[in-house]
Amino acid sequence: MAEHGETPSQTVGPYFSMRLGGAGQNVLAEAGVPGERIRIEGTVLDGDGVHIEDALIEIWQANAGGRYRHPDDIRGEIALDDGFVGFGRAETEFATGGYWFETIKPGPVPDAEGEFQAPHINVVVQARGMLTPVFTRIYFSDEDEANRQDQVLNQVPRERRHTLVARLDEASRDPSVYRFDVVFQGGGETVFFDF
Amino acid sequence: MTDPIVTHYGPKAYDDHPPFRYPDYKSTVKRSPEMDMVHIVQTLSETSGPGPAWAEVAEEDADLTTNAGTGGEAIGERIIVTGRVLDENGEPLPGTLLEIWQANACGGYSHWRETAFPAPLDPNFLGVGQCITDEEGVYRFTTIKPGPYPWGNHPNAWRPAHIHFSLMGPAWGSRLVTQLYFQGDPLLPLDPIYNGVPAHSRERLIAAYDHDVTVENWALGWRWDIVLRGSAATPFEEDH
């Protein structure tokens, strides 16, 4: 297999938004797509707690019924939704390091045993100054019961699980607004996955 | 219960990739995790991904010398960059979207961000393009050879000429953003971004000049294959 070794990763650099993460790529659901409208906002922070002005956040999620638009999701009994791919991209704002997505809350998808996972959004983060991407997940603070049962969350040390849970702004309505920061270092370092 | 996963992926070859922290590339120091990654069992969330659906909605836009839409042609050394996208098992990956961005022939990016380097911009060159692999996994771009440019990492630091490549791949875990470099570039041994890759796998980022790709009276040809993390090889056979 040596002749087919993985091509190594390189940084996205400072100019990725020429192609990736431009306007509109952070709105995932067209009008009329079924599901609960949500907005996710947050900030990407470096090891000094300083915002990262040039990070690329990409998300991948199931639709409201819990189906991924992918050939390996063979659960044909769950409909795909027109106008919803389930993929979004955002570049952080230069002045603030902030990002946001508007989407719908994903439905439950199966875990490795065929039980349901808690609703979650898959996240990959890259930036100038990162040679290799990091993978994480967004869970939802108003899904306590499902989060407690979640196979993946239960593989995370208990004291770090909170870094994966987006906090609902209780005052927000349609869309519900959740806050999810990505923190690279320090006590609140976000959990990053190897899989 | 039955395993709902159709395709299992082998472990990511971390030893072939750069580390998160590589102090010669100074920005990595504060932008790298300090804690160990948490290993999780793959689920459909990791083994699916946007690649196939994203490629379906994309349009081919693979000639960067004309895609500014001005009616004019980009200035610089016209080149063809082609190769195959494969997985680790050597299987071609058809229907894979490649998105690229690059500097112009003078080392300037058409990006709003300010830089101290006074590279002229070319109104006929956007520096972005995309291509979808064919049935054999082959992609092909026509573009301009990008120029090197200085950056602030250390005194008199210059990036070797490079083209940024982004591929979603078949699964979330096969996401790859990387850079193509050109064989024989004297700046490569001086570049901490390139040198961040372990010595044994670094040359996988170098496109080779290929005279069979070169088109007479038109453009020089460069060949570069890309290998994405693949499905786990044949499942272990049970003893009989």
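All figures in this text were calculated on a predicted structure; none of them were measured in a lab.

*Asks:* Even after reading the chapter, I still don't get the overall build of chain B, so can you show me in this structure?
*Replies:* When you go through chain B residue by residue, the secondary structure sums to three helices and 12 strands. The C-alpha radius of gyration computed for chain B amounts to 20 Å, which stays within 12% of the reference 18 Å derived for 240 residues, consistent with globular compactness. Considered along the principal axes of its C-alpha atoms, chain B spans approximately 65 × 40 × 30 Å. Put simply, chain B has 240 residues, and 55% of those count as buried.

*Asks:* Explanation requested: the overall build of chain A in the structure shown.
*Replies:* Helix and strand content of chain A: one helix and 10 strands. Mapped from its N terminus to its C terminus, chain A presents α and β elements in the order β-β-β-β-β-β-α-β-β-β-β. Scaling as 2.2 N^0.38, a compact globule of 195 residues should have a C-alpha radius of gyration of about 16 Å, and chain A matches this with 17 Å. Projected onto its principal axes, the C-alpha coordinates of chain A cover approximately 50 × 45 × 35 Å. In chain A, buried positions account for 63% of the 195 residues. Considering only contacts within chain A whose residues lie at least 6 apart along the sequence, 68% involve residues at least 24 apart. Approximately 7200 Å² of chain A is accessible, and the part contributed by carbon and sulfur atoms is 50%. Across chain A, the mean location of the 17 positive side-chain charges is 2 Å away from that of the 33 negative side-chain charges.

*Asks:* Where do I start with the layout of surface pockets in this structure?
*Replies:* In this approach the atoms are scanned with a rolling probe the size of a water molecule, which exposes any empty space left behind. All names here are of chain B. Here the largest pocket defines a volume of roughly 500 Å³. Going through the elements one at a time, strand S6 (149-151) and strand S8 (162-167) are the ones with two or more residues in the lining of the largest pocket. Per-element tally for the lining of the largest pocket: the top contributor is S6, with three residues. Split into classes, the residues belonging to the lining of the largest pocket amount to 11 nonpolar, 12 polar and four charged.

*Asks:* Teacher, can you tell me more about the interface of chain B and chain A here?
*Replies:* Across the boundary between the two partners, chain B contributes 90 residues, which contact 79 residues of chain A. Of the roughly 7500 Å² buried between chain B and chain A on both sides combined, carbon and sulfur atoms contribute 59%. Three residues, Arg31, Arg113 and Trp172 of chain B, lead the burial of chain B against chain A; their summed loss comes to 12% of the area buried on that side. Along the contact surface separating chain B from chain A lie eight salt bridges. One salt bridge connects Lys30 of chain B with Asp48 of chain A, and the closest N-O pair in it is separated by 3.1 Å. At the boundary of chain B and chain A, one finds 43 residue pairs in polar contact (both at pLDDT 80 or more). Considering every element that reaches the side of chain B that touches chain A, the biggest residue donor is strand S9 (residues 176-182) of chain B, with five residues.

*Asks:* Can you help me understand unusual backbone geometry in this one?
*Replies:* Where the residue is not glycine, phi is negative for most of them; where a peptide bond is considered, it is trans in most cases. Each neighbour pair has its own omega, and for Asp174 of chain A with Pro175 of chain A the value is 10 degrees, a cis peptide bond. By secondary structure assignment, the location of Pro175 of chain A is in the loop between strand S7 (165-168) and strand S8 (176-179). The topology assignment puts Asp174 of chain A in the loop between S7 and S8. By relative accessible area, Asp174 of chain A is classed as exposed at 65%. We note that Asn217 of chain B has phi near 60 degrees; this positive angle belongs to a residue other than glycine. Within the secondary structure, Asn217 of chain B sits in the loop between strand S10 (206-209) and strand S11 (220-223). The exposure class assigned to Asn217 of chain B is exposed, which follows from its relative accessible area of 79%.

*Asks:* Would you take a moment to explain the nonpolar core for this structure?
*Replies:* Judged by nonpolar contacts, the single largest core of 37 residues is most densely connected at Tyr139, Phe141, Phe165 and Ile226 of chain B. Elements with a minimum of two residues in this core: strand S2 (78-87), strand S3 (97-102), strand S5 (138-144), S8, S9, helix H3 (192-195) and strand S12 (226-228) of chain B. In terms of residue count, the dominant contributor to this core is S9 of chain B (four residues). Residue contacts for Tyr139 of chain B: discarding those within four places in its chain leaves Val81, Thr82, Gly83, Arg84, Val85, Leu98, Cys131, Thr133, Phe165, Trp224 and Ile226 of chain B. Val33, Ile57, Ile104 and Ala166 of chain A belong to the second-largest nonpolar core, a separate cluster that totals 30 residues.

*Asks:* Is there a simple way to think about empty space enclosed by the protein in this case?
*Replies:* Overall, the coordinates contain four cavities of 30 Å³ or more when judged by the stated rule. Quantified by volume, the largest cavity comes out at close to 60 Å³. Glu6 and Thr7 of chain A together with Lys12, His17, Gly173, Ser174, Arg175, Leu176, Val227, Leu228 and Arg229 of chain B together form the lining of the largest cavity. Of the residues in the lining of the largest cavity, the class split is three nonpolar, four polar and four charged.

*Asks:* Which parts of the structure should I look at to understand the pattern of salt bridges?
*Replies:* Opposite charge on two side chains permits pairing when their charged atoms draw close. The final tally for this structure, using the stated rule, is 23 salt bridges over all chains. When the shortest N-O distance is used, the salt bridge between Glu46 of chain B and Arg137 of chain A registers 2.7 Å. Of the two residues, Glu46 of chain B is situated in helix H1 (residues 44-47) and Arg137 of chain A in strand S6 (residues 134-140); the pairing between them involves two chains. Of the two residues, Glu46 of chain B and Arg137 of chain A, both sit in the buried class. Within this structure, Glu53, Asp54 and Arg128 of chain A together with Arg31 and Arg113 of chain B form a network of salt bridges that share partners.

*Asks:* What is the right way to read the packing of aromatic side chains from this model?
*Replies:* What characterises a pair of aromatic rings is the spacing of the ring centres plus the angle enclosed by the ring planes. According to the stated counting rule, one finds 19 aromatic pairs over all chains in the structure shown. Centre to centre, the rings of Trp60 of chain A and Tyr68 of chain A are 5.3 Å apart; their planes meet at 20 degrees, and the pair counts as stacked. Like Tyr68 of chain A, Trp60 of chain A is buried. Ring centres of Phe94 of chain A and Trp112 of chain B lie 5.2 Å apart, and the angle between their planes is 90 degrees; this geometry places the pair in the edge-to-face category. Here the residue Phe94 of chain A occupies a position in the loop between strand S3 (87-91) and strand S4 (98-104), and Trp112 of chain B occupies one in the loop between S3 and strand S4 (128-132), the pair thus bridging two chains. Chaining the aromatic ring pairs together yields one cluster made of Tyr139, Phe141, Phe165 and Trp224 of chain B. Sitting over the face of the ring of Trp218 of chain B, Arg78 of chain B holds its NZ or CZ atom 3.7 Å from the ring centroid.

The rules we used
- Residues numbered from 1 in each chain as written.
- Chains lettered and ligands numbered in written order.
- Predicted model: local features only at pLDDT ≥ 70, side-chain atom pairs only at ≥ 80, totals over all residues.
- Heavy atoms only, no water.
- Helix = DSSP H or I, 4+ residues; strand = E, 2+ residues; numbered from the N terminus.
- Rg over C-alpha atoms; globule rule 2.2 N^0.38 Å.
- Buried < 20%, exposed > 50% of the residue type's maximum accessible area, 1.4 Å probe, protein only.
- Contact = heavy atoms within 4.5 Å.
- Areas by Shrake-Rupley, 256 points an atom, 1.4 Å probe, with all protein chains shown as cover.
- Lys, Arg positive; Asp, Glu negative; His and termini not counted.
- Charge placed at Lys NZ, Arg CZ, Asp CG, Glu CD.
- 1 Å grid on protein atoms, 1.4 Å probe; cavity = no way out; pocket = protein on both sides within 12 Å on 5 of 7 lines; lining within 4 Å.
- Points joined across faces, edges and corners; volume = space filled by probe spheres on them.
- Nonpolar A, V, L, I, M, F, W, Y, C, P; charged D, E, K, R; others polar.
- Buried area = accessible area lost by both parts, 1.4 Å probe.
- Salt bridge = Lys/Arg side-chain N within 4 Å of Asp/Glu carboxyl O.
- Polar contact = N/O pair within 3.5 Å; in protein donor to acceptor, adjacent residues only side chain to side chain.
- Core = buried A, V, L, I, M, F, W, Y, C linked by side-chain atoms within 4.5 Å.
- Phe/Tyr/Trp six-rings, centres within 6.5 Å; stacked < 30°, edge-to-face > 60°.
- Lys NZ or Arg CZ within 6 Å of the ring centre and 35° of its normal.

Note that every value here comes from positions in space, so none of it alone points to a role or purpose.
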